[in-house]
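Given next are the chains, with one letter for each unit.
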Amino acid sequence: MNDSSWGAPPQAGYWGPSDQGPVQGAAPAGPAYDAPEAQHTRPMPIVPDMPAYGGDQDDDRGAARLSGPLFRDETFRDETPSAQPRAAAPQNPEPMPDAPQPAPAPQKKSAGRDLGAAIGVGVGLGVVIVASLFVVKALFVGVIAVAVVVGLWELTSRLEERKGIKAPLVPLALGGAGMVVAGYVRGAEGAWVAMALTALAVLVWRMTEPPEGYLKDVTAGVFAAFYVPFLATFVAMMLTADDGAFRVMTFLVLTVVSDTGAYAIGWRFGRHKLAPRISPGKTREGLLGAVSFAMVAGALCMQFLIDDGTWWQGLLLGLAVAASATLGDLGESMIKRDLGIKDMGTLLPGHGGIMDRLDSLLPTAPVVWLLLVLFVGST
């Protein structure tokens, strides 16, 4: 190591003769320090001024006594980093920038909901539906009406909270329940008449409030009347056939199986997004799972549950259900994205609200009703 490595030229009194004589605390000048070997020795760092010789310190001290590895051998030539003075080791040393970092633990896929609660609620709803469906048909009509009223309450509440749209709930609830009953009693004709009367009631009811926002409020009310109770009326109309309970059961089974197939296959094998701007969780692989599961279930249901039904009709029915259920789910996802919410409600643990369970069922009901009428008739 040469002197220039320290960033300054050698000082007089250390490495050569000086006109001013020796400096206190430094080795005396002379030939021993002018020798060529001295050019290869490590230069001494400047030390603080020490008390002059002859003071209270020991008489044999002479120059200041220095200690440490640098001063054990003046001709020490090892210039490796280990020969430098060591600083105290930090308590928590930082990892080297180039040191390999431990790989993060693999993340386990999550379903995103409390599956235990979801399964428990689903089983409970299934028991209520089956018991009412096969014991007293009129009781099941009441179950549909209650679901419609709760769904309307959730939808109108979210519209008011997020958009300031005040769709009148009272005429919607009364007209929605009446629409379901009219469909069961009078069929499609009764359902259309009840729908028209409900829309008229919404227009009149909203007139009791200031005109500001009238158009958007009544538009939302008519939309809600069509979207929830009118589509649900087709379930009540299925029930009027001789094998009505089995038609409704087929409708429910196919919709649930379609959703289950989409979830199971999409969660395990999903790689390609179906509609990322609407619902990022849905994949094309999930759609294929929904179609496959629904078609198999449709063939079995049409063959063994529906009077005069055949397996090939069930394949077509399952395909149609998978398509309508997926579109219905995407439709409600669009509504929730526009409102900026994840779920329509919190009534059903693990599921969200009633509307979060009706999203696939509502648009599927008229599809199943129509295909069953075409395949085996309405009675």
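Residues numbered from 1 in each chain as written. Predicted model: local features only at pLDDT ≥ 70, side-chain atom pairs only at ≥ 80, totals over all residues. Heavy atoms only, no water.

*Asks:* Please provide a residue-by-residue account of the packing of helix α3 (residues 137-163) against helix α5 (residues 214-238), values included.
*Replies:* α5 packs onto α3 with a crossing angle of 155° between their chain directions and a minimal axis gap of 10 Å. The orientation of α3 relative to α5 falls into the category roughly antiparallel. Seen from above, α3 lies across α5 with right-handed handedness. Contacts between α3 and α5 pair F140, I144, V148, L152, L155, L159 and K163 from the former with K216, A220, F223, A224, Y227, V228, P229, A232, V235 and A236 from the latter. Within the contact of α3 with α5, the residues separate by chemical class into 15 nonpolar, no polar and two charged. (Axes fitted to C-alpha atoms, helices over the stretch in contact; angles between N-to-C directions. Helix = DSSP H or I, 4+ residues; strand = E, 2+ residues; numbered from the N terminus. Parallel < 35°, antiparallel > 145°, perpendicular 65-115°, else oblique. Left-handed = near helix turned anticlockwise from the far one by under 90°. Contact = heavy atoms within 4.5 Å. Nonpolar A, V, L, I, M, F, W, Y, C, P; charged D, E, K, R; others polar.)

*Asks:* Tell me about a nonpolar patch on the surface, and please be specific about residues and values.
*Replies:* Taken together, V193, L197, L200, L203, V204 and M207 make up a surface patch of nonpolar side chains, about 550 Å² in accessible area. Mapped onto the elements of the fold, L197 is located in helix α4 (residues 169-206). (Patch = residues over 30% accessible without salt bridge, like charges linked within 9 Å, V, L, I, M, F, W, Y side chains within 5 Å. Areas by Shrake-Rupley, 256 points an atom, 1.4 Å probe, with all protein chains shown as cover. Salt bridge = Lys/Arg side-chain N within 4 Å of Asp/Glu carboxyl O.)

*Asks:* Kindly report on the side chain of S360, identifying the contributing residues and their values.
*Replies:* With respect to the helices and strands, the residue S360 is situated in helix α9 (residues 354-376). Within the local environment of S360, its side chain forms a polar contact with the side chain of D359, the two groups lying 3.4 Å apart. For S360, the residues in contact, after removing those within four places along its chain, are T255, D259, A325 and D329. (Polar contact = N/O pair within 3.5 Å; in protein donor to acceptor, adjacent residues only side chain to side chain.)

*Asks:* Lay out the packing of aromatic side chains with the relevant residues and their values.
*Replies:* Scanning the model with the defined rule gives seven aromatic pairs in all. One aromatic cluster is present, formed by W192, F226, F230, F234 and W369 through successive ring pairs. Lying over the aromatic face of F269, R268 brings its terminal NZ or CZ to 5.1 Å of the ring centre. (Phe/Tyr/Trp six-rings, centres within 6.5 Å; stacked < 30°, edge-to-face > 60°. Lys NZ or Arg CZ within 6 Å of the ring centre and 35° of its normal.)

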